[in-house]
Amino acid sequence: MTHEPELTSPVELCRPDGRLNRAAVGWTRRPLHTANLRGWGRAKRWEYWGIVTPEHIIGLVASSIDYAGVHGVYVLDRATGRETTTDAVVPLARGVVMPPRSGEGTASAEGGGLSIAITQRPDGTTIHATARDVRLDVEIPLPEGHESLGVVVPWSDRRFQYTVKDLGRPVHGMLVLHGRTHEIGAGAFAVLDHGRGKWPYSITWNWAAGAADGRAIQLGGKWTDGTGVTENGLFVDGRLHKIGEELRWTYDRSDWLRPWQITGDRVRADFHPFHEKVAKTNLAVVANETHQCFGTFSGWALTDDGSRVSLDGLVGWAEEAHNRW
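The structure displayed is predicted, hence computed values, not measured ones.

Attention now moves to the overall build of the protein. For the protein, the helix and strand inventory stands at zero helices and 26 strands. In terms of overall dimensions, the protein has C-alpha extents of about 50 × 45 × 45 Å along its principal axes. The buried share among the 325 residues of the protein stands at 57%. Look at the contacts in the protein between residues 6 or more apart in sequence, and 55% of them connect residues 24 or more apart. In the structure as shown, the protein presents an accessible area of about 13200 Å², 51% of it carried by carbon and sulfur atoms. For the protein, the distance from the average position of its 36 positive side-chain charges to the average position of its 39 negative side-chain charges is 6 Å.

Our focus in this paragraph is the sheet that holds strand E16 (residues 189-198). Spatially, the eight strands line up as an open sheet ordered E2-E12-E13-E16-E4-E5-E6-E7, and their pairing is antiparallel. The sheet terminates laterally at strand E2 (27-28) and strand E7 (83-91), the two strands that pair on one side only. Here strand E4 (residues 43-52) pairs with strand E5 (residues 56-64) via eight bridges, running antiparallel. Following the sheet pairing, Val 52 is matched in E5 by Ile 57.

Judged by nonpolar contacts, the single largest core of 42 residues is most densely connected at Leu 13, Val 191, Trp 199, Trp 205, Trp 207, Trp 317 and Trp 325. Of all the secondary structure elements, the ones that give two or more residues to this core are E4, strand E6 (68-77), strand E12 (149-154), strand E13 (160-169), E16, strand E17 (202-212) and strand E26 (315-324). If you tally residues by element for this core, the top one is E17, at five residues. Non-local contacts of Trp 317, meaning those with residues more than four positions away in its chain, are made with Tyr 48, Gly 50, Val 52, Val 191, Trp 207, Ala 208, Ala 209, Phe 271, Gln 292, Cys 293, Phe 294 and Phe 297. In terms of nonpolar packing, the next biggest core, distinct from the first, is built from 30 residues, Ile 58, Met 98, Ala 129 and Leu 136 among them.

What follows deals with the packing of aromatic side chains. Overall, the coordinates contain 18 aromatic pairs when judged by the stated rule. The structure contains a cluster of three or more aromatic residues connected by ring pairs, namely Trp 46, Trp 155, Trp 199, Trp 205, Trp 223 and Trp 325. Over the aromatic face of Trp 207 sits the side chain of Lys 165, whose NZ or CZ is 5.1 Å from the ring centroid. For the cation-ring pair, Arg 308 lies above Trp 300, with the distance from its terminal atom to the ring centre recorded as 4.1 Å.

A word on unusual backbone geometry. Despite not being glycine, Asp 66 shows a phi value in the positive range, around 75°. Mapped onto the fold, Asp 66 is located in the loop between E5 and E6. A residue is classified by how much of its surface remains accessible, and Asp 66, at 6% relative accessible area, is buried. Of note in the backbone geometry, His 178 takes a positive phi value of approximately 55° without being a glycine. For His 178, the location among the structural elements is in the loop between strand E14 (172-177) and strand E15 (180-184).

Where charged atoms of side chains with opposite charge meet at close range, the side chains can pair. The tally for this structure, following the rule as stated, stands at 19 salt bridges. Across the pair Asp 17 and Arg 15 runs a salt bridge, and its minimum N-O distance is 2.8 Å. Overall, the relative accessible area of 48% leaves Asp 17 in the partly exposed class.

Another point: the pairing of strand E8 (residues 105-111). The side chains of a regular strand alternate, residue by residue, between the two faces of the sheet. With seven bridges connecting them, E8 and strand E9 (residues 114-121) associate as antiparallel partners. Opposite Ala 109, over in E9, you have Ile 116 as the bridge partner. Hairpin connection between E8 and E9: a loop of two residues separates the two successive antiparallel strands, and Gly 112 in this loop has a positive phi of roughly 60°.

So, on to the side chain of Asn 323. Relative to the elements of secondary structure, Asn 323 occurs in strand E26. A polar contact of 3.0 Å, which involves the side chain of Asn 323, links it to the side chain of Asn 288. Discounting chain neighbours no more than four positions away, the residues touching Asn 323 are Tyr 201, Ser 202, Ile 203, Trp 205, Ala 287 and Asn 288.

Checked against the element boundaries, Lys 242 lands in strand E20 (residues 239-243). Look at Lys 242 and you get buried, because its relative accessible area is 1%. Polar contacts involving the side chain of Lys 242 include one to the side chain of Thr 230, which spans 2.9 Å. Excluding residues within four positions of it along the chain, Lys 242 makes contact with Thr 2, Glu 4, Trp 27, Leu 149, Val 151, Thr 230, Asn 232, Arg 266 and Asp 304.

Rules used in this analysis
Residues numbered from 1 in each chain as written. Predicted model: local features only at pLDDT ≥ 70, side-chain atom pairs only at ≥ 80, totals over all residues. Heavy atoms only, no water. Helix = DSSP H or I, 4+ residues; strand = E, 2+ residues; numbered from the N terminus. Buried < 20%, exposed > 50% of the residue type's maximum accessible area, 1.4 Å probe, protein only. Contact = heavy atoms within 4.5 Å. Areas by Shrake-Rupley, 256 points an atom, 1.4 Å probe, with all protein chains shown as cover. Lys, Arg positive; Asp, Glu negative; His and termini not counted. Charge placed at Lys NZ, Arg CZ, Asp CG, Glu CD. Pairing = 2+ DSSP bridges. Core = buried A, V, L, I, M, F, W, Y, C linked by side-chain atoms within 4.5 Å. Phe/Tyr/Trp six-rings, centres within 6.5 Å; stacked < 30°, edge-to-face > 60°. Lys NZ or Arg CZ within 6 Å of the ring centre and 35° of its normal. Salt bridge = Lys/Arg side-chain N within 4 Å of Asp/Glu carboxyl O. Polar contact = N/O pair within 3.5 Å; in protein donor to acceptor, adjacent residues only side chain to side chain.

Structure below.
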């Protein structure tokens, strides 16, 4: 069992003065935090959905970093390796809507040739997104009893992040790519990364996520080190097994497609990439470099009672991202 406190009642992320509410620090099995962020300049809000199908990997993000909205729609054709990407930067995050609670309300963004609308309800989420050569219309049901991992990471009273990682959600609908329609359903799953917080100017993180029928793994690193909280968890049949230890990440930054290893007392995950997505921006004081590799997992992780669960055959991604923002 993890040493981290589990929260079971609704809580506000911030105190009235905008600083971190220390009673909000911990982890949850379902979204319980209200992100009542105050102030301007360091606040970051985003909704990221990744969708894996037998044919494609889809990523879409709508975000506000206060002084800009940064949005994107990405599709990888798994058979050919062809990438279709539309990115947009909207000054002052004009037109961005970010609800304060995960799973409630509509998050939306548009500009730069793309439009994203994420409608959240108690029974699931609907996504409509359009971009150059892409249209996505999907439903992502929330199965009864399905658990997610919510975590508040406290760097300080002024710098903190609330994230919800929700893995292995069923998804069905339609992708239109370069004029061709693809049905999304059997063999597909969706992953949510919901973020609300006040970030340091410069930060590096690792993130890995993978899923298959009845199993999913969520692993993070670097950005949570030393805070006493991690974003690590194993999901078995929709039930979360929280992993509280900081993990060791081993990978080759000169060859991102070599195998990665993510290890600890409760995890031995080997990640085998088949495609690397590279994103780089440098706008003077604002910059990003992300290497997101898509691939398959092998290895194992332990449940709360010590049972070993195989990670073999999980599909997903592992990444390193560095932001100056």
